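Topology and contacts: notes
The primary structure of each chain is shown beneath.
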Amino acid sequence: MPGEIGLAVAAKGATWFLAVEHAGVAVELTAEPALPIPAGKRAAFRFASSSMLREALHRAYDLARSLPSAPLAEFEAEVASLGATEAEVLVRRRIGQDIFRRALMRYWDGRCPLTGITEPALLRASHIVPWAECLSDAERLNVHNGLLLAAHWDAAFDSGLVSFGDTGEAQFSPALGEAALKALRADMTMPLPLTIEHRNRLARHRQRYGY
């Protein structure tokens, strides 16, 4: 996992501790904070059992592999030998989109946060700012520029029939009919857990489609 971690356990295994060096993991890992923070680490967390610690370690690993700039580094390593011919540009794009999808699968824990769907074939890597409009590979591969959505939600989001507000709540275009709203289960949707970076990009999406 990028960045060092530290592990500790209290006497008789009553409490377990995890300290992380990775700045992104320190911010986005959802767990009970612990003090003091060991020297050289960004954050520390406490857990009531070893099983909870194992789950947190798995989540910390997925975050570290998906948060900027791990996907970009993977992409640059894979395309280092490619040139700028039309065919090679297409290959670069395919590699980048594959890496972006894998990163989103890790970041969103392999699950559409709106539907709970986990079947990979039914999940789509949705760019908030479209791939072609991104100004750099870093932006294209940034997981905060993406949502992992079930296919029908992805289609609605990509066409502007659905967007998301600053608190993660779904917003629906008046062009959506009752059957579509029912299929999306609009009345049962929980808010997306969003970072500031997600919110900034989603503001552009809402502006683009007139929300």
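For the structure given in this document, a descriptive report is provided here. These numbers come from a predicted model, not from an experiment.

**Overview of the pattern of salt bridges**
A complete count under the given rule lists ten salt bridges for this structure. Two residues, Arg-92 and Asp-137, come together in a salt bridge whose shortest N-O distance is 3.4 Å. One end of the pair, Arg-92, is in helix 4 (residues 86-107); the other, Asp-137, is in helix 5 (residues 137-140), with 45 residues separating them in the sequence. For Arg-92, a relative accessible area of 24% gives the class partly exposed.

**Details of the packing of helix 3 (residues 70-78) against helix 4**
At their nearest, the axes of helix 3 and helix 4 sit 10 Å apart, and the two run at 150° to each other. As far as their axial angle goes, helix 4 and helix 3 are roughly antiparallel. Classified by chirality, the crossing of helix 4 by helix 3 is right-handed. When helix 3 is examined against helix 4, the residues Pro-71, Glu-74, Phe-75 and Glu-78 are found in contact with a partner set consisting of Arg-92, Ile-95, Gly-96, Ile-99, Arg-102 and Ala-103. Looking at the contact of helix 3 with helix 4 residue by residue, the class counts come to five nonpolar, one polar and four charged.

**Things to note about the packing of helix 2 (residues 50-66) against helix 4**
As a packed pair, helix 2 and helix 4 sit with axes 8 Å apart at the nearest point and diverge in direction by 150°. Viewed along their axes, helix 2 and helix 4 adopt a mutual orientation that is roughly antiparallel. When you trace helix 2 past helix 4, the crossing you get is left-handed. Taken together, the residues of helix 4 that come into contact with helix 2 (itself represented by Arg-59, Asp-62, Leu-63, Arg-65 and Ser-66) are Ala-103, Arg-106 and Tyr-107.

**Things to note about the nonpolar core**
With 45 residues, the main nonpolar core has Leu-147, Trp-153 and Phe-164 as its most contacted residues. With six residues, helix 4 is the largest single contributor of residues to this core. Not counting residues within four places of it along the chain, the set of residues in contact with Phe-164 comprises Leu-114, Leu-147, Trp-153, Phe-157, Glu-169, Ala-170, Gln-171, Leu-192, Leu-202 and Arg-206.

Rules used throughout
- Residues numbered from 1 in each chain as written.
- Predicted model: local features only at pLDDT ≥ 70, side-chain atom pairs only at ≥ 80, totals over all residues.
- Heavy atoms only, no water.
- Salt bridge = Lys/Arg side-chain N within 4 Å of Asp/Glu carboxyl O.
- Helix = DSSP H or I, 4+ residues; strand = E, 2+ residues; numbered from the N terminus.
- Buried < 20%, exposed > 50% of the residue type's maximum accessible area, 1.4 Å probe, protein only.
- Axes fitted to C-alpha atoms, helices over the stretch in contact; angles between N-to-C directions.
- Parallel < 35°, antiparallel > 145°, perpendicular 65-115°, else oblique.
- Left-handed = near helix turned anticlockwise from the far one by under 90°.
- Contact = heavy atoms within 4.5 Å.
- Nonpolar A, V, L, I, M, F, W, Y, C, P; charged D, E, K, R; others polar.
- Core = buried A, V, L, I, M, F, W, Y, C linked by side-chain atoms within 4.5 Å.

Interpretation in functional terms is not warranted from these geometric data alone.
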